[in-house]
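The lines below spell out each chain.
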Amino acid sequence: MIGGLGTRVGAVLSDISTTEGRLAVTAAIALATLGVGWLLLPRAVRAGEQTVSGWIGRLLDERLSESTEGAVETLREGIPASFLLRLAVGLLQLALFALAGVAVLTLWGRFELVVAVLPVAENAVRVGGQLVASAALLGGAYVVSDVVETYVGELSADSDRITAHQEQLLTRLVQVGLLVLAAITVLGIWGVNLGGLLVGAGFLGIVLGMAARQTLGSLIAGFVLMFARPFEIGDWVEIGDEEGFVTDITIMNTHMRNFDGEYVVVPNDLVANQAITNRSREGRLRIHMEVGIGYDDDPDEASDIAEEVLEDVGVIANNPRPYTIPSGFGDSAILLDLRFWIDPPTPQARWRSKALVVERIQDRYADAGISIPYPQRTVSYPPEKAAADETVERVEQADGNGDGRRRDGPV
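In short, a report on the structure. (Residues numbered from 1 in each chain as written. Predicted model: local features only at pLDDT ≥ 70, side-chain atom pairs only at ≥ 80, totals over all residues. Heavy atoms only, no water.)

### Digging into the pattern of salt bridges
Once their charged atoms are close, side chains differing in charge can pair, the charge on each being opposite to the other. Using the criterion set out here, one finds seven salt bridges in the structure. Residue E243 is joined to R279 by a salt bridge in which the shortest nitrogen-to-oxygen separation is 2.8 Å. Remark: R279 occurs in the loop between strand 5 (276–278) and strand 6 (285–293) and E243 occurs in strand 2 (residues 242–249); sequence separation between them is 36 residues. With a relative accessible area of 16%, R279 lands in the buried category. Through salt bridges that share partners, E238, E243, R279 and R350 make up one connected network. (Salt bridge = Lys/Arg side-chain N within 4 Å of Asp/Glu carboxyl O. Helix = DSSP H or I, 4+ residues; strand = E, 2+ residues; numbered from the N terminus. Buried < 20%, exposed > 50% of the residue type's maximum accessible area, 1.4 Å probe, protein only.)

Printed below as a string of structure tokens:
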């Protein structure tokens, strides 16, 4: 096609045989090329870009809902319009100058050079088209990934069913999927055999899966946590031996801050295989405390006093009401079980409520004459052992030697 077009152009220009005519036509071609390439072409492309941009903007504003306005703004900001404009002008100028050069060479009888260069030019055009298409695909995937991140963030902000963990995982999955799809398309554009590549990737995946079983286990556990949602960022949880607040949840790990201010990272496979206690999920937490009273004291009176103390502590919730019940017989005391709720559940509220309950119950029991006995032990001997010890003591006294040793022979 290009060769036929060049032949027809060469036939037209070959009719000009005089040197003066060729110089005049060369000058005309040069002036026309400079005028169109440097003056008219940039203005025409800029005007067309403004017209198309305004039309697309009106179309988006009319057709899209308010929930996607932020994504559209991100798309407009992410696409480098000035760069694309300069790229388009540069490509058109290059094509115009190439045509002008072909015309001049044909005019001066050097069309064989054009024919010799045509295969190289065709290859260059093909490679350039592949480069432009690859760059457009990868850049488009990058821009669309930013748009998806903005859209998912706005959707999560408007919905209570999507947690921060799910938002992060969903965004990363979509972004990785877009980049993988763009990369596969680019490989297809460059003629790469995807069948052999997929087979090699399959073997590589098997090797990596065997070598990184724990990492893959954490990855799968991260997806399980995303859908199970046993806790969210900011919850007060206990995972195995670790207790604290969840600060971040990634695909691989769960990040916590314990009550000593330490930063704890727990792999998700360990999280999924251990008991999880979420103290923030229900919005309130019940606390048990035990206090012992003497066996000579009245349990009903002690229970009433304890309930009055619990109702007067401001940190303790009044609904449900706190209550106290005798729970058992201890070694040295009758045990009373104090049960009350804190709302909202925080470590500070738990520690504060326990400290206030201990201080005030001790004061109130002391005023009421109710004892809180400490552990006691009574040591006694069985009758046979006591009788044997008494006989030994009489023998030593009758011995009369004063050294506490027994003598041989009858007493």
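Following the structure, the description resumes.
### Details of the sheet that holds strand 6
The strand order across the open sheet formed by three strands is 6-8-7, and the pairing between neighbours is antiparallel. Whereas interior strands pair on both sides, the edge strands pair on one side only; in this sheet they are strand 6 and strand 7 (323–329). When the angles between neighbouring strand axes are averaged without regard to direction, this sheet yields 30°. When strand 7 meets strand 8 (residues 334–342), the two strands line up antiparallel, connected through six bridges. Bridge pairing in strand 8 places T324 opposite L338. Together, strand 6, strand 7 and strand 8 form the strand contacts of helix 10 (residues 299–312), whose direction differs from that of strand 7 by roughly 140°. (Pairing = 2+ DSSP bridges. Axes fitted to C-alpha atoms, helices over the stretch in contact; angles between N-to-C directions. Contact = heavy atoms within 4.5 Å.)

### Topic: the nonpolar core
Counting 25 residues, the largest nonpolar core has I293, L336, L338, F340, V357, I361 and Y365 as its most contacted members. If you list the elements that add at least two residues to this core, you get strand 6, helix 10, strand 8 and helix 11 (347–368). Those residues within four positions of Y365 in sequence are excluded, and the remaining contacts are V291, I293, A302, S303, I305, A306, L336, I370 and I372. Counting residues in hydrophobic clusters, the runner-up holds ten residues, among them L225, F231, M256 and V264. (Core = buried A, V, L, I, M, F, W, Y, C linked by side-chain atoms within 4.5 Å.)

### Examining helix 10
With 14 residues, helix 10 extends 20 Å from end C-alpha to end C-alpha; this agrees with the ideal 20 Å at 1.5 Å per step. Regarding helix 10, the residues found buried are A302, S303, I305, A306, V309 and L310. The buried residues of helix 10 occupy one face: seen down the axis, they fall within an arc of 165°. Among the exposed residues of helix 10, those oriented more than 90 degrees off its buried face are D300 and D312. Turning to helix 10, the residues buried within the fold contact strand 6, strand 7, strand 8 and helix 11. For helix 10, the N-terminal capping position is held by D298, with its side-chain oxygen 3.2 Å away from the main-chain nitrogen of D300. (Expected span 1.5 Å × (residues − 1). Arc of directions from axis to C-beta. Polar contact = N/O pair within 3.5 Å; in protein donor to acceptor, adjacent residues only side chain to side chain.)

### Thoughts on the pairing of strand 2
Across four bridges, the pairing between strand 1 (residues 236–239) and strand 2 is antiparallel. Looking across to strand 2, one finds that E238 is bridged to E243. Where strand 1 hands over to strand 2, the hairpin turn is made up of two residues, of which G240 adopts a positive phi near 65°. Bridge count between strand 2 and strand 3 (residues 253–258): five bridges; the pairing is antiparallel.

### Comments concerning a nonpolar patch on the surface
On the surface, V127, L131 and W190 cluster together into a nonpolar patch covering about 260 Å² of accessible area. Within the secondary structure, W190 is located in the loop between helix 6 (164–189) and helix 7 (194–211). (Patch = residues over 30% accessible without salt bridge, like charges linked within 9 Å, V, L, I, M, F, W, Y side chains within 5 Å. Areas by Shrake-Rupley, 256 points an atom, 1.4 Å probe, with all protein chains shown as cover.)

### Here we look at the sheet that holds strand 5
In spatial order, the strands read 4-3-2-1-5; together these five strands make up an open sheet with antiparallel pairing. Of all the strands in the sheet, the pair left with one neighbour each is strand 4 (263–267) and strand 5. Shown here is a sheet whose adjacent strand axes are inclined to one another by a mean of 40°, direction ignored.

### Considerations on unusual backbone geometry
Going from N319 to P320, the amide bond is cis rather than trans, its omega being 0°. Looking at the secondary structure, you find P320 in the loop between helix 10 and strand 7. For the bond from D343 to P344, the omega torsion is 0°, close enough to zero to count as cis. Summarising the element assignment, P344 is placed in the loop between strand 8 and helix 11.

### What to know about the side chain of S303
Looking at where S303 falls in the secondary structure, it is placed in helix 10. On the basis of relative accessible area, S303 is assigned to the buried category, the value being 7%. Not counting residues within four places of it along the chain, the set of residues in contact with S303 comprises T324, P326, L336 and Y365.

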